[in-house]
Amino acid sequence: MKRVEIAAYGAPETVASCIEAPDVGAPSAGEIVFDVLAFPINPADLSFCRGNYRMAPHLPATPGAECVGRIAAVGAGVGDLRPGDLVVNMQRENWTQRRRIRAEDAIPLPAGLDLAQAAMLRINPATALLLLEDHVAVKSGDWVIQDVANSAVGRHLIVLAKARGIRTINVVRRDDVVAELMALGADVVLVDGPDLPERARDAAGGAPIRLGIDAVSGSACRRIADSLAEGGVAVNYGAMSGQDPEISRTALTRGLTLTGFNLSRGLAKRTTAEVRALYADLAVQVRDGVLNATVEATYPIEEIKAALVHAQRGGRDGKVLVTPNGKL
């Protein structure tokens, strides 16, 4: 079978190669084997290849934070999954044609899901949901501000917040995406700049903004925090700038909190049943078109280098997907 492997850390398109690897074999008791139908290239995957992600396994290693697969075989004692079922794998190393995992690490998906959308289900929709739920008890009518609002997480957060009556101020770097985000349900879209805190507070009409969400770090995080009301919480979940997050002394004296988020830690606070219920609900929203992520291009696994180059282009209008076992 084919698998993507990195033997060193560096530029993703340089260090990643599609190699021939031994088949995973038959599932043991409590395991399943599934064919990987599609996987997206996420910023975390690019950081993994560069060696600046929070995980740095021994090399050679296979990247891949998420995928969607179809079960090919189940081992003894697996009662709730069967061949033909679609699943999301909660473990990594998914840039491959076939995986063998513990059945408990597989999240079954309902029928009728678009496979490309299913491939992007595990990380971005769940991240958007937990960013809204786990830090401030926001309720209908409250204001939330986020940067990188044009990202997949940002777009999902707009939709999820709108359904709860939560109002969003969405910060972007270019004004050509304003209309798209407003159509999704954004209440306010602002282009980032030094005076962002003042413009954000004006946009909220003086109402307190209690939750700020940042994926840029550096001074962008500072601007998000400075937009918040006294006692607010700024949550950082990314570092597109490559810098550490900043917060001003003024924000600290106003009782603001800066905290970090990653999805694994958020899910670890929940029971297995709660995690499955969370994904079941998100899957239904994806199936019904409530949540949707744009796909810009798909590549076969043999063209992983070209796919990685594409995934790093600025101004993309969607995710880059890879289909290891042929077209979807």
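Just so you know, these numbers come straight off a predicted model, no measurement behind them. Each residue is numbered by its place in its chain's sequence as written, counting from 1. Thresholds applied to this predicted model are a pLDDT of at least 70 for local features of residues and 80 or more for the giving and counting of side-chain atom pairs; totals over whole chains, interfaces and linings are not thresholded and use all residues. Hydrogens are left out, water is left out, and the side-chain values use all remaining heavy atoms of the structure.

K.L.:
How should I be thinking about the environment of valine 284 in this particular structure?
P.N.:
In DSSP terms, a helix is any run of H or I states spanning at least four residues, a strand is any run of E spanning at least two, and both are numbered starting from the N terminus. Within the secondary structure, valine 284 is located in helix H11 (residues 272-287). Here the alpha-carbon distance between valine 284 and alanine 111, two residues 173 residues apart in the chain, equals 9.4 Å.

K.L.:
Could you clarify how one ought to interpret the pattern of salt bridges in this entry?
P.N.:
It is possible for side chains of opposite charge to pair when their charged atoms get near one another. For this document, the term salt bridge refers to a Lys or Arg side-chain nitrogen within 4 Å of an Asp or Glu carboxyl oxygen. Inspection of the entire model under this criterion finds 19 salt bridges. Residues arginine 164 and glutamate 133 are paired through a salt bridge, measuring 3.7 Å at the closest nitrogen-oxygen approach. With arginine 164 in the loop between helix H5 (152-163) and strand E9 (167-172) and glutamate 133 in helix H4 (residues 124-133), this pair connects stretches of sequence that are 31 residues apart. The salt bridge partner of aspartate 288 is arginine 287, with a shortest N-O separation of 3.1 Å. With a relative accessible area of 48%, aspartate 288 lands in the partly exposed category. Among the residues examined, arginine 287 registers a relative accessible area of 37% and is labelled partly exposed. Relative accessibility under 20% of the residue-type maximum defines a buried residue, over 50% an exposed one, and the middle range a partly exposed one, all with a 1.4 Å probe and only protein chains included.

K.L.:
Explain the packing of H4 against H11 here, please?
P.N.:
The packing of two helices is summarised by the inter-axis angle and the distance between the axes. Between H4 and H11, the shortest axis-to-axis distance is 10 Å and the interhelical angle comes to 110°. The orientation of H4 with respect to H11, classified from their angle, is roughly perpendicular. You can see that H4 and H11 cross each other, and the crossing is right-handed. Along the contact surface, H4 presents Pro125, Ala126, Leu129 and Leu130, while H11 presents Leu278, Tyr279 and Leu282. Gly falls in the polar group here, along with every residue not listed as nonpolar (Ala, Val, Leu, Ile, Met, Phe, Trp, Tyr, Cys, Pro) or charged (Asp, Glu, Lys, Arg). Class assignment for the residues of the contact of H4 with H11 results in seven nonpolar, no polar and no charged. Angles shown run from 0 to 180 degrees and are taken between the N-to-C directions of axes, each axis being a line fitted to C-alpha atoms and, for helices, limited to the stretch in contact. Comment on the angle field: the value is read as roughly parallel under 35 degrees, roughly antiparallel over 145, roughly perpendicular from 65 to 115, and oblique elsewhere. Crossings are classed by handedness, with left-handed meaning an anticlockwise turn of the near helix from the far one by less than a right angle and right-handed meaning a clockwise turn. What makes two residues a contact is simply this: any of their non-hydrogen atoms within 4.5 Å.

These results come straight from atomic positions and should not be treated as a statement about function.
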